[in-house]
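Examination of the molecular architecture
Spelled out from the first residue to the last, the chains are:
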Amino acid sequence: MKLKFYKYQGTGNDFVMVDNRSKTFPVTNTSLVKRLCDRKFGIGADGLILLEEDATTDFKMVYFNSDGNESTMCGNGGRCLVAFANKLGVINNNATFNAIDGLHYAEVADDVVSLQMIDVDAVNIEETHTFLNTGSPHHVQLVANLTEYDVFSNGKAIRNGSPYFEEGTNVNFVEKMSDDTFAVRTYERGVEDETLSCGTGVTAVALAMYANQQTTKNAVNLETPGGTLTVSFEQDGTTYKNIFLKGKATFVFEGEIEC
Ligand SMILES: N[C@@H](CCC[C@H](N)C(=O)O)C(=O)O
(Lines give C-alpha, C1' and ligand atoms only; values in the text may rest on other atoms or scores of the structure.)
Protein backbone atom coordinates (compact mmCIF):
# COMPACT_ATOMS: atom_id res chain seq x y z
CA MET A 1 0.00 0.00 0.00
CA LYS A 2 1.12 3.58 -0.68
CA LEU A 3 0.92 6.07 2.21
CA LYS A 4 0.52 9.81 1.53
CA PHE A 5 2.55 11.84 4.03
CA TYR A 6 3.58 15.43 4.76
CA LYS A 7 6.81 16.42 6.51
CA TYR A 8 6.86 19.40 8.93
CA GLN A 9 9.41 20.87 11.33
CA GLY A 10 9.10 23.22 14.29
CA THR A 11 12.46 24.71 15.28
CA GLY A 12 14.11 21.58 13.90
CA ASN A 13 11.92 19.06 15.77
CA ASP A 14 10.62 17.17 12.71
CA PHE A 15 7.51 15.10 12.12
CA VAL A 16 5.79 12.89 9.56
CA MET A 17 2.14 14.00 9.32
CA VAL A 18 -0.63 11.70 8.12
CA ASP A 19 -4.25 12.71 7.49
CA ASN A 20 -6.01 9.78 9.18
CA ARG A 21 -9.58 11.07 9.01
CA SER A 22 -10.31 7.90 7.00
CA LYS A 23 -9.02 5.83 9.98
CA THR A 24 -6.98 3.60 7.63
CA PHE A 25 -3.55 4.04 9.29
CA PRO A 26 -2.47 0.87 11.17
CA VAL A 27 -1.97 2.52 14.59
CA THR A 28 -0.76 -0.64 16.35
CA ASN A 29 1.99 -1.28 13.79
CA THR A 30 4.96 -0.07 15.88
CA SER A 31 7.58 -1.31 13.42
CA LEU A 32 5.91 0.62 10.56
CA VAL A 33 5.93 3.90 12.54
CA LYS A 34 9.57 3.26 13.50
CA ARG A 35 10.53 2.61 9.85
CA LEU A 36 8.69 5.70 8.57
CA CYS A 37 10.63 7.81 11.11
CA ASP A 38 13.97 6.11 10.32
CA ARG A 39 16.42 8.57 8.72
CA LYS A 40 18.05 5.88 6.56
CA PHE A 41 15.26 3.39 5.75
CA GLY A 42 12.27 5.77 5.87
CA ILE A 43 11.22 9.42 5.62
CA GLY A 44 13.13 10.48 8.71
CA ALA A 45 11.60 12.27 11.72
CA ASP A 46 11.60 12.61 15.51
CA GLY A 47 7.96 11.48 15.52
CA LEU A 48 4.83 10.68 13.54
CA ILE A 49 1.49 12.43 14.05
CA LEU A 50 -1.99 11.45 12.92
CA LEU A 51 -4.68 14.05 12.30
CA GLU A 52 -8.03 12.44 13.10
CA GLU A 53 -11.69 13.49 13.36
CA ASP A 54 -12.84 14.54 16.83
CA ALA A 55 -16.43 14.76 18.07
CA THR A 56 -16.12 18.06 19.94
CA THR A 57 -13.14 19.96 18.44
CA ASP A 58 -11.63 20.67 14.99
CA PHE A 59 -9.45 17.54 15.07
CA LYS A 60 -7.67 15.01 17.26
CA MET A 61 -3.86 14.63 17.61
CA VAL A 62 -2.31 11.16 17.97
CA TYR A 63 1.46 11.27 18.59
CA PHE A 64 4.12 8.54 18.21
CA ASN A 65 7.82 8.89 19.06
CA SER A 66 10.36 7.73 16.45
CA ASP A 67 10.74 4.47 18.42
CA GLY A 68 7.25 3.61 17.09
CA ASN A 69 5.37 3.93 20.40
CA GLU A 70 2.45 6.25 21.07
CA SER A 71 3.50 8.78 23.69
CA THR A 72 2.42 11.81 25.67
CA MET A 73 2.02 15.40 24.41
CA CYS A 74 4.40 16.90 21.86
CA GLY A 75 4.37 20.71 21.87
CA ASN A 76 6.30 21.26 18.64
CA GLY A 77 4.30 18.44 17.02
CA GLY A 78 1.07 20.10 18.14
CA ARG A 79 2.18 23.39 16.56
CA CYS A 80 3.11 21.58 13.32
CA LEU A 81 -0.21 19.72 13.31
CA VAL A 82 -2.07 23.03 13.52
CA ALA A 83 -0.09 24.28 10.48
CA PHE A 84 -0.93 20.99 8.69
CA ALA A 85 -4.66 21.33 9.53
CA ASN A 86 -4.50 24.85 8.13
CA LYS A 87 -2.87 23.58 4.90
CA LEU A 88 -5.55 20.86 4.56
CA GLY A 89 -8.31 23.47 5.03
CA VAL A 90 -9.56 21.75 8.21
CA ILE A 91 -9.13 25.05 10.11
CA ASN A 92 -8.58 28.71 9.26
CA ASN A 93 -6.51 30.86 11.61
CA ASN A 94 -7.50 29.34 14.91
CA ALA A 95 -8.24 25.87 16.18
CA THR A 96 -9.25 23.74 19.09
CA PHE A 97 -8.09 20.15 19.22
CA ASN A 98 -7.92 17.23 21.61
CA ALA A 99 -4.63 15.48 22.37
CA ILE A 100 -3.66 12.81 24.91
CA ASP A 101 -3.33 15.49 27.64
CA GLY A 102 -6.65 17.20 26.89
CA LEU A 103 -7.99 20.25 25.07
CA HIS A 104 -5.72 22.72 23.25
CA TYR A 105 -6.38 26.08 21.57
CA ALA A 106 -4.07 27.47 18.87
CA GLU A 107 -3.64 30.40 16.50
CA VAL A 108 -1.77 30.45 13.15
CA ALA A 109 -0.35 33.59 11.48
CA ASP A 110 1.77 32.88 8.38
CA ASP A 111 4.20 30.17 9.56
CA VAL A 112 4.02 31.08 13.27
CA VAL A 113 1.82 28.95 15.53
CA SER A 114 0.91 29.84 19.10
CA LEU A 115 -0.31 26.81 21.06
CA GLN A 116 -2.01 26.82 24.44
CA MET A 117 -0.54 24.13 26.68
CA ILE A 118 -2.26 22.38 29.59
CA ASP A 119 -2.29 24.10 33.00
CA VAL A 120 0.57 23.02 35.27
CA ASP A 121 -0.10 22.72 39.00
CA ALA A 122 2.96 20.87 40.28
CA VAL A 123 6.53 22.12 39.96
CA ASN A 124 8.82 19.93 42.08
CA ILE A 125 12.01 21.77 43.00
CA GLU A 126 14.83 19.43 44.07
CA GLU A 127 18.41 20.25 45.06
CA THR A 128 19.96 19.54 41.64
CA HIS A 129 16.99 19.92 39.29
CA THR A 130 13.28 20.63 38.87
CA PHE A 131 10.68 18.13 37.65
CA LEU A 132 7.31 18.97 36.12
CA ASN A 133 4.79 17.67 33.59
CA THR A 134 3.74 20.02 30.80
CA GLY A 135 1.87 17.31 28.89
CA SER A 136 5.05 15.21 28.91
CA PRO A 137 7.43 14.66 31.87
CA HIS A 138 10.48 16.94 32.07
CA HIS A 139 13.63 17.04 34.22
CA VAL A 140 15.14 20.55 34.08
CA GLN A 141 18.75 21.16 35.16
CA LEU A 142 20.92 24.29 35.01
CA VAL A 143 24.44 23.69 33.68
CA ALA A 144 27.46 25.81 32.80
CA ASN A 145 28.79 26.05 29.22
CA LEU A 146 25.79 24.38 27.55
CA THR A 147 27.40 24.45 24.08
CA GLU A 148 30.13 22.06 25.22
CA TYR A 149 27.89 19.98 27.53
CA ASP A 150 27.51 16.23 26.85
CA VAL A 151 23.72 16.21 26.48
CA PHE A 152 23.59 12.67 25.06
CA SER A 153 25.50 10.82 27.81
CA ASN A 154 24.16 12.84 30.75
CA GLY A 155 20.61 12.93 29.34
CA LYS A 156 20.58 9.17 28.71
CA ALA A 157 21.82 8.44 32.26
CA ILE A 158 19.18 10.68 33.89
CA ARG A 159 16.38 9.44 31.57
CA ASN A 160 16.90 5.84 32.66
CA GLY A 161 18.05 6.43 36.22
CA SER A 162 16.40 6.98 39.61
CA PRO A 163 13.60 8.06 40.11
CA TYR A 164 12.42 7.83 36.49
CA PHE A 165 13.49 4.30 35.43
CA GLU A 166 11.24 2.47 32.89
CA GLU A 167 8.65 5.20 32.33
CA GLY A 168 11.48 7.66 31.85
CA THR A 169 11.53 11.40 31.42
CA ASN A 170 12.73 13.95 28.91
CA VAL A 171 15.84 15.79 30.14
CA ASN A 172 16.48 19.51 29.55
CA PHE A 173 19.83 21.18 30.21
CA VAL A 174 19.64 24.95 30.58
CA GLU A 175 21.98 27.95 30.66
CA LYS A 176 20.77 31.40 31.63
CA MET A 177 21.58 34.02 28.98
CA SER A 178 19.71 37.02 30.49
CA ASP A 179 16.70 37.66 32.75
CA ASP A 180 14.25 36.68 29.99
CA THR A 181 16.32 34.36 27.78
CA PHE A 182 17.56 30.79 28.38
CA ALA A 183 19.49 28.43 26.11
CA VAL A 184 18.11 24.86 26.18
CA ARG A 185 19.25 21.46 24.88
CA THR A 186 16.97 18.43 25.32
CA TYR A 187 17.48 14.65 25.40
CA GLU A 188 14.13 13.18 24.33
CA ARG A 189 12.56 9.99 25.63
CA GLY A 190 11.33 7.81 22.74
CA VAL A 191 13.79 9.40 20.32
CA GLU A 192 16.60 8.36 22.70
CA ASP A 193 18.79 11.18 21.50
CA GLU A 194 19.17 14.92 21.64
CA THR A 195 16.63 16.65 19.37
CA LEU A 196 17.05 20.17 17.97
CA SER A 197 14.14 21.45 20.05
CA CYS A 198 11.36 20.21 22.35
CA GLY A 199 8.16 22.22 22.85
CA THR A 200 6.91 20.69 26.10
CA GLY A 201 10.59 20.85 27.20
CA VAL A 202 11.05 24.61 26.70
CA THR A 203 7.64 25.15 28.33
CA ALA A 204 8.90 23.21 31.36
CA VAL A 205 12.13 25.25 31.36
CA ALA A 206 10.25 28.59 31.33
CA LEU A 207 8.07 27.56 34.30
CA ALA A 208 10.97 25.97 36.19
CA MET A 209 13.16 29.06 35.78
CA TYR A 210 10.31 31.27 37.04
CA ALA A 211 9.59 28.94 40.00
CA ASN A 212 13.32 28.94 40.89
CA GLN A 213 13.48 32.79 40.72
CA GLN A 214 15.90 32.62 37.78
CA THR A 215 13.55 35.03 35.97
CA THR A 216 10.88 37.52 37.03
CA LYS A 217 9.35 37.57 33.53
CA ASN A 218 6.23 35.66 32.51
CA ALA A 219 7.21 35.77 28.83
CA VAL A 220 10.51 33.99 28.24
CA ASN A 221 12.67 33.31 25.15
CA LEU A 222 14.08 29.81 24.81
CA GLU A 223 17.03 29.40 22.44
CA THR A 224 17.30 25.84 21.16
CA PRO A 225 19.78 24.46 18.58
CA GLY A 226 16.88 24.57 16.07
CA GLY A 227 15.71 28.13 16.74
CA THR A 228 13.97 30.36 19.26
CA LEU A 229 10.59 29.72 20.91
CA THR A 230 8.71 31.94 23.34
CA VAL A 231 6.65 30.79 26.30
CA SER A 232 4.22 33.06 28.15
CA PHE A 233 2.11 32.17 31.17
CA GLU A 234 0.15 33.46 34.17
CA GLN A 235 0.57 32.32 37.78
CA ASP A 236 -2.59 31.74 39.81
CA GLY A 237 -1.57 30.55 43.28
CA THR A 238 0.37 27.33 42.74
CA THR A 239 -1.04 26.82 39.22
CA TYR A 240 0.40 28.10 35.94
CA LYS A 241 -2.38 28.95 33.46
CA ASN A 242 -2.79 30.43 29.98
CA ILE A 243 0.54 28.92 28.99
CA PHE A 244 1.33 29.63 25.32
CA LEU A 245 4.18 28.11 23.28
CA LYS A 246 4.92 30.18 20.17
CA GLY A 247 7.26 29.78 17.20
CA LYS A 248 7.63 28.75 13.59
CA ALA A 249 6.03 25.56 12.25
CA THR A 250 7.11 24.89 8.69
CA PHE A 251 6.01 22.58 5.86
CA VAL A 252 9.08 20.82 4.39
CA PHE A 253 7.86 18.40 1.69
CA GLU A 254 5.17 15.85 0.87
CA GLY A 255 5.19 12.49 -0.85
CA GLU A 256 4.05 8.90 -0.99
CA ILE A 257 5.89 5.95 0.50
CA GLU A 258 5.42 2.22 -0.07
CA CYS A 259 4.60 0.41 3.17
N1 LIG B 1 9.25 16.81 21.00
C2 LIG B 1 8.14 16.89 21.85
C3 LIG B 1 8.01 15.93 22.99
C4 LIG B 1 7.60 14.56 22.47
C5 LIG B 1 7.25 13.55 23.56
C6 LIG B 1 8.46 13.03 24.28
N7 LIG B 1 9.47 12.52 23.42
C8 LIG B 1 7.99 11.97 25.28
O9 LIG B 1 7.77 10.81 24.90
O10 LIG B 1 7.81 12.34 26.44
C11 LIG B 1 7.72 18.30 22.15
O12 LIG B 1 7.96 19.19 21.30
O13 LIG B 1 7.10 18.55 23.18
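Fair warning: this is a prediction, and the values are worked out from it, not measured in the lab. (Residues numbered from 1 in each chain as written. Predicted model: local features only at pLDDT ≥ 70, side-chain atom pairs only at ≥ 80, totals over all residues. Heavy atoms only, no water.)

1. Considering the packing of aromatic side chains
The criterion, for reference: The rule is short: rings of Phe, Tyr and Trp, with Trp giving its six-membered ring, pair when the centres are within 6.5 Å, and they are stacked under 30 degrees, edge-to-face over 60, tilted in between. Secondary structure counts use DSSP, requiring at least four H or I residues in a row for a helix and at least two E residues in a row for a strand, with both numbered from the N terminus. Remark: a charge is flagged as sitting over a ring if the NZ atom of Lys or the CZ atom of Arg is within 6 Å of the ring centre and within 35 degrees of the ring normal.
Counted according to the given criterion, the structure contains twelve aromatic pairs. When the ring of Tyr 6 is compared with that of Phe 84, the centres are 4.8 Å apart and the planes differ by 50°; the resulting orientation is tilted. Highlighted residues: Tyr 6 in strand S1 (residues 2-10) and Phe 84 in helix H2 (residues 75-88), separated in sequence by 78 residues. Taken together through their ring pairs, the aromatic side chains of Tyr 6, Tyr 8, Phe 84 and Phe 251 make up a single cluster. One cation-aromatic arrangement involves Lys 4 over Tyr 6; the distance from NZ or CZ to the ring centre is 4.9 Å.

2. Describing the site of the ligand
Note the following rule: Any residue with a heavy atom lying within 4 Å of a molecule or strand is counted as near it. What qualifies as a polar contact is a pair of N or O atoms within 3.5 Å, subject to a donor-acceptor requirement within protein and to the restriction that residues adjacent in sequence count only when both atoms come from side chains. Values of accessible area rely on a 1.4 Å probe in the Shrake-Rupley scheme; residue burial ignores everything except the protein chains shown.
Near the ligand, the surroundings consist of 16 residues, among which Ser 71, Gly 75, Asn 170, Gly 199 and Thr 200 are the closest. Within the backbone of Arg 189, an N or O atom sits 2.7 Å from a nitrogen atom of the ligand. Between the ligand and the protein, one listed contact pairs an oxygen atom with a backbone N or O atom of Gly 199 at 2.6 Å. When the ligand sits alone it has 370 Å² of accessible area, and the protein chains cover 100% of it. Elements supplying a minimum of two residues to the shell around the ligand: strand S4 (59-65), H2 and helix H4 (199-211).

3. Focus: the nonpolar core
Here is the rule: Here, nonpolar core means buried Ala, Val, Leu, Ile, Met, Phe, Trp, Tyr and Cys residues that are tied together by side-chain atoms lying within 4.5 Å of each other. Here's how the labels work: a residue is buried when its accessible area is under 20% of the maximum for its type, exposed when over 50%, partly exposed in between, all with a 1.4 Å probe on protein chains only. Here the limits of each domain have been adopted from an automatic or database domain assignment. Should any heavy atoms of two residues lie within 4.5 Å, those residues are counted as being in contact.
If you look at the biggest cluster of nonpolar residues, it comprises 49 residues, and the most contacted ones within it are Met 17, Phe 59, Met 61 and Leu 222. Considering each element in turn, this core owes the most residues, eight residues, to H4. Per-domain counts for this core show at least three residues from each of domain 1 (2-116 + 248-258) and domain 2 (123-246). What Met 17 contacts, discounting residues up to four positions off in sequence, is Phe 5, Tyr 6, Tyr 8, Ile 49, Gly 77, Cys 80, Leu 81 and Phe 84.

4. Overview of the pairing of S4
Under the convention used in this document: Note on pairing: two strands pair once DSSP finds at least 2 bridges between them.
With respect to burial, S4 is a largely interior element, six of its seven residues being buried. In the sheet, strand S3 (residues 47-52) pairs with S4 via six bridges, with the strands oriented antiparallel. Bridge pairing in S4 places Leu 50 opposite Val 62. Counting the residues between successive antiparallel strands, the hairpin from S3 to S4 contains six residues.

5. With respect to the environment of Ala 144
Within the fold, Ala 144 resides in the loop between strand S10 (137-142) and helix H3 (151-160). Assessed through its relative accessible area of 62%, Ala 144 is described here as exposed. When the C-alpha positions of Ala 144 and Arg 21 are compared, they lie 46 Å apart, and in sequence the two are 123 residues distant. Setting aside residues no more than four positions away along its own chain, Ala 144 makes contact with Tyr 149 and Glu 175.

6. Regarding the UniProt feature "active site" (unreviewed entry) in the chain
Here is the rule we go by: UniProt positions are given in the numbering used here, feature names are shortened, and annotations may be inferred rather than shown by experiment.
Following the UniProt record, one finds the feature "active site" (unreviewed entry) at Cys 74 and Cys 198. These residues run over 125 residues, yet every pair of their C-alpha atoms falls within 7.7 Å of each other. Residue position: Cys 74 is located in the loop between S4 and H2. Cys 74 sits in the buried class, given a relative accessible area of 6%. The residues contacting Cys 74, other than those within four sequence positions of it, are Asn 13, Phe 15, Met 61, Tyr 63 and Thr 200. Structurally, the position occupied by Cys 198 is in the loop between strand S13 (193-195) and H4.

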